[in-house]
Amino acid sequence: MATAEATIQSGTTAGSKTGLWSWITTVDHKRIGIMYAVTALVWFLVGGLEALLIRIQLAKPENDFLSADVYNQIFTMHGTTMIFLVGMPIAVALFNYIVPLQIGARDVAFPRLNALSYWIYLFGGIFMNVSFLLGAAPNMGWFGYTPLTTEMYSPGLNADFWSVGLQILGIASIMGGVNFITTIINLRAPGMTLMRMPLFTWMALVQSFLVITALPVFAVALFFLSFDRFYGTTFYNTMAGGDPFLWQHLFWIFGHPEVYILILPAFGIISDVLPSFTRKPLFGYNMVVYSGVLIGFIGWGVWAHHMFATGMGPIADSFFSIATLIIAIPTGVKIFNWLATMWGGTIRFNTPMLFCIALVAMFTIGGISGVHHGSPPADLHQTDTYYVVAHFHYVLFGGLIMGLFAGFYYWFPKVTGRMLDEKLGKWNFWLFVIGSNMTFFPMHFAGLLGMPRRIFTYAEELNLATINQIITVGGFLTGVGVLVFAWNVIRSLKKGEIAGNNPWGSHTLEWATTSPPPEYNFAELPEIRTREPLWDGISSVDVTGPPKAPIHMPSPSFWPILTAASINLALILMMTEKWWPPVLGVALVLLCVINWAYEPASEH
Amino acid sequence: MNHAAAASSDHHYTATGLNTFKLGFWTLIGSESLFFASLISTYMVYKGESVRGPFPSDVFNIPLTSFSTFVLLMSSLMMVLALAAVQRGDRKGSLLWLFMTALFGSIFLGCQAYEFTHFYHAGLTLGTNVFGSSFFILTGFHGAHVLMGVIWLLILWVQALRGQLGAKDALTVEVAGLYWHFVDIVWIAIFTLIYLLD
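Just so it is clear, the model here is predicted, and its values are computed rather than measured.

(A) Seen up close, the overall build of chain B. A tally of helices and strands in chain B yields six helices and zero strands. Helices and strands in chain B line up, N terminus first, as α-α-α-α-α-α. Within chain B, the proportion of its 198 residues that are buried is 49%. Contacts spanning at least 24 positions in sequence make up 79% of the contacts within chain B whose residues lie at least 6 apart. Surface summary for chain B: the accessible area is close to 8,700 Å², and the carbon and sulfur share equals 69%. Separation between the mean location of the 8 positive side-chain charges and that of the 10 negative ones in chain B comes to 12 Å.

Listed below in structure tokens is the structure:
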């Protein structure tokens with residue numbers, strides 16, 4: 001029994017294992033969280049670089065800095081990267097590190113599955129970007145509309161990389177969703193009832209439900225596309241009776257919940273950060289929880305508002321328009337809850353707090369322009385213009401990225417034991433706020449003046465040059481902000497001020513343990529009795545120190561990385577356009593899974 | 001090692017009292033439901049949209065498929081008996097019923113292989129029309145799930161043969177059973193919506 005389990009005896013420091021192999025085989029949620037964060041930040045730099053290339057190209061009319069084809073590849077990969085390789089995984093990085101700590105668990109429910117998700121994600125991201133080396137990066141826009149993506153109109157490898165790459169990444173997300181739902185429902189410490197959970201954990205739960213329900217629909221849409229391209233099926237082939245709108249419906253049935261998959265983690269972060277920096281509990285905790293759950297539900301009934309311009313008819317248009325306007329209500333509820341939390345609080349304007357304030361302001365702007373295209377007549381004018389680009393960058397940069405940066409500055413001390421520098425943090429913040437508003441606000445005007453998205457250049461006579469130059473300058477300011485952040489991280493890792501267990505005087509459980517926490521997180525936990533355990537009596541003394549009894553932790557395993565490699569291989573082999581190579585790949589996956597299942601690690 | 005141990009083991013405290021592995025598997029089944037729902041919806045949307053034959057009415061052999069459906073339904077009964085035998089610690093019964101479940105699953109797969117070949121000879125391929133595409137991909141994914149289930153059951157059977165599948169392993173068999181019943185239920189939906197509904 002338990003022969004392969006690492007046993008942490010009183011007084012030993014089993015968390016100090018180092019070396020490359022220990023990272024490859026790790027199943028520790030904290031290490032996997034760090035790997036997720038580092039990988040996603042590297043893709044953030046790549047995606048940001050792509051954005052800057054777009055901005056250079058558009059800085060003047062009739063520019064020939066990028067060819068039309070390269071431009072198509074760059075904007076497609078910018079969108080794909082930022083959503084699938086940055087937005088979702090950075091949230092998962094924070095879930096990984098923080099959620100088990102917030103609920104008082106030793107690890108996630110399935111530690112090896114967690115490692116599997118990470119490796120699939122890493123390999124999938126590399127696979128997609130390898131396409132650049134072949135000069136054949138995806139080039140048909142991040143939502144890959146058929147029939148543009150079918151063999152007839154996209155004969156090259158570009159769309160192959162896209163459909164296979166996203167299939168790979170989807171598997172990682174679904175595995176992660178299963179893991180977090182199970183973790184949050186089942187591994188809460190005694191006394192941590194659902195309605196005492198920190199909001200970040202709550203939103204992780206809602207988000208994970210959206211992930212496991214939305215991603216399979218996308219998987220099906222992508223399988224259809226891959227099979228059309230590789231094996232001659234006719235799902236998107238109008239000549240054989242295929243419906244060109246099948247893809248759009250399947251894609252947006254996934255794609256709209258995806259919007260909430262991206263934003264809910266940021267809502268969770270701000271709902272935990274605000275109380276810490278205003279020194280008062282979140283205003284209307286229940287309402288914030290319920291509105292988050294409601295967003296999760298209604299998020300399923302609004303997908304076709306992305307398709308008003310396809311002529312669905314007045315009944316469908318009205319239904320989806322009304323549903324879209326309704327979903328603004330729970331979102332607005334949250335905004336008011338955050339404002340009311342700040343109202344009358346003893347506010348400290350540290351960097352995480354500043355990012356939260358920016359989130360509230362900028363997300364509101366993005367939310368309002370979202371209500372505009374929720375109305376079909378207005379949307380018909382805005383579809384495929386920069387107005388839409390302005391809208392979703394306000395919600396994704398102003399909402400998601402601001403929220404995630406609030407999270408980085410807030411939790412960095414917990415993860416590394418050192419504070420990020422406040423002065424550099426403020427530089428980072430102001431460059432982000434000024435840069436992003438300068439980038440995305442003028443886009444509203446460019447759009448209303450008729451500038452279409454996804455067109456590699458524009459004529460001088462359109463008088464769009466000045467607006468585009470302002471946008472480009474703003475883009476570069478934001479880029480400088482990212483560099484400041486990178487420098488801040490590198491510098492603070494070595495020279496940052498020592499943080500201590502609870503540098504912000506926060507209320508949730510992760511701040512009770514040491515920074516960084518030991519491998520087993522808490523030596524022991526007293527029963528949780530309130531929503532703000534650290535403000536209501538639980539102190540670090542209770543939960544740190546050497547464990548009083550031996551603690552069994554899951555042992556490292558190399559099966560996750562092997563399984564991930566074979567899953568990647570099986571799907572990539574579809575590109576051979578023969579049926580037997582992927583079947584062999586699946587057999588390899590099975591072999592790995594069987595070995596995994598009979599590895600003694602987590603069996604008793 | 002009775003307290004504060006690794007979270008994933010089944011004999012430890014959980015917040016809901018539910019076993020973690022089982023809960024996780026239920027979650028996965030929830031996700032799989034959406035996967036099959038999308039495939040079935042696509043078939044329904046494309047019903048009657050094929051521009052050339054063969055059409056469903058030309059190739060479907062309802063008596064044969066009713067037989068294979070019956071076999072798959074019976075295999076769920078065998079699965080229940082297998083789980084009961086494992087829980088009792090009845091090695092002989094476990095061996096018998098696990099094998100029977102896998103056998104009935106295999107008969108179902110055999111029928112499907114026969115059906116696919118028959119359709120192929122009648123001129124229906126993946127690329128013939130949207131009926132061919134949506135039918136083969138939907139039932140193909142379902143068949144792949146059945147195949148995974150058969151492999152899983154055979155592994156459990158080998159484990160039982162070696163005397164390594166006692167009452168303490170009932171949970172593993174229970175989860176395999178969950179999977180098996182799920183795949184069975186999906187087939188009932190497919191049989192009703194695709195074969196029977198005109």
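Next comes the rest of the write-up.
(B) Region of interest: empty space enclosed by the protein. One pass over the full model with this rule turns up three cavities of 30 Å³ or more. The space that makes up the largest cavity amounts to roughly 220 Å³. As for the largest cavity, its lining consists of 21 residues, of which Met88, Val92, Leu169, Ala172 and Ser173 of chain A are closest to the centre. Going through the elements one at a time, helix H3 (68-103), helix H4 (111-133), helix H5 (158-186) and helix H6 (199-231) of chain A are the ones with two or more residues in the lining of the largest cavity. Among the elements that line the lining of the largest cavity, the one with the most residues is H5 of chain A, at eight residues. In terms of residue class, the lining of the largest cavity is made up of 14 nonpolar, seven polar and no charged. Around the second largest cavity, the lining residues are Leu64, Thr65, Ser68, Phe108, Cys111, Gln112, Glu115 and Trp187 of chain B. Contributions of two or more residues to the lining of the second largest cavity are made by helix H3 (62-88) and helix H4 (91-121) of chain B. Sorting elements by how many residues they give to the lining of the second largest cavity places H4 of chain B first, with four residues.

(C) Region of the structure containing the interface of chain B and chain A. The interface of chain B with chain A comprises 44 residues on the first partner and 48 residues on the second. Summed over both partners, the interface of chain B with chain A buries about 3,900 Å², with 71% contributed by carbon and sulfur atoms. On the surface where chain B and chain A come into contact, there are zero salt bridges. Linking chain B to chain A there are eleven residue pairs in polar contact (both at pLDDT 80 or more). When residues of the side of chain B that touches chain A are assigned to their parent elements, the largest contribution, twelve residues, is made by helix H1 (residues 20-45) of chain B. A per-class count over the side of chain B that touches chain A returns 23 nonpolar, 19 polar and two charged.

(D) The arrangement of unusual backbone geometry in detail. Residues and elements named next belong to chain A. Between Thr146 and Pro147 the backbone carries a cis peptide bond, its omega angle lying at 0°. In this structure, Pro147 sits in the loop between H4 and H5. At the junction of Ser515 and Pro516, the peptide bond is cis and its omega measures out at -10° in the coordinates. For Pro516, the location among the structural elements is in the loop between helix H14 (465-495) and helix H15 (540-543). The backbone phi angle of Asn463 is positive, close to 60°, even though this residue is not glycine. Inspection of the secondary structure puts Asn463 in the loop between helix H13 (422-448) and H14. Its relative accessible area of 63% is what places Asn463 among the exposed residues. You will see that Glu577, though not glycine, has its phi angle at about 65°, which is positive. Mapping Glu577 onto the fold places it in the loop between helix H16 (559-572) and helix H17 (580-597). Overall, the relative accessible area of 41% leaves Glu577 in the partly exposed class.

Conventions adopted
- Residues numbered from 1 in each chain as written.
- Chains lettered and ligands numbered in written order.
- Predicted model: local features only at pLDDT ≥ 70, side-chain atom pairs only at ≥ 80, totals over all residues.
- Heavy atoms only, no water.
- Helix = DSSP H or I, 4+ residues; strand = E, 2+ residues; numbered from the N terminus.
- Buried < 20%, exposed > 50% of the residue type's maximum accessible area, 1.4 Å probe, protein only.
- Contact = heavy atoms within 4.5 Å.
- Areas by Shrake-Rupley, 256 points an atom, 1.4 Å probe, with all protein chains shown as cover.
- Lys, Arg positive; Asp, Glu negative; His and termini not counted.
- Charge placed at Lys NZ, Arg CZ, Asp CG, Glu CD.
- 1 Å grid on protein atoms, 1.4 Å probe; cavity = no way out; pocket = protein on both sides within 12 Å on 5 of 7 lines; lining within 4 Å.
- Points joined across faces, edges and corners; volume = space filled by probe spheres on them.
- Nonpolar A, V, L, I, M, F, W, Y, C, P; charged D, E, K, R; others polar.
- Buried area = accessible area lost by both parts, 1.4 Å probe.
- Salt bridge = Lys/Arg side-chain N within 4 Å of Asp/Glu carboxyl O.
- Polar contact = N/O pair within 3.5 Å; in protein donor to acceptor, adjacent residues only side chain to side chain.

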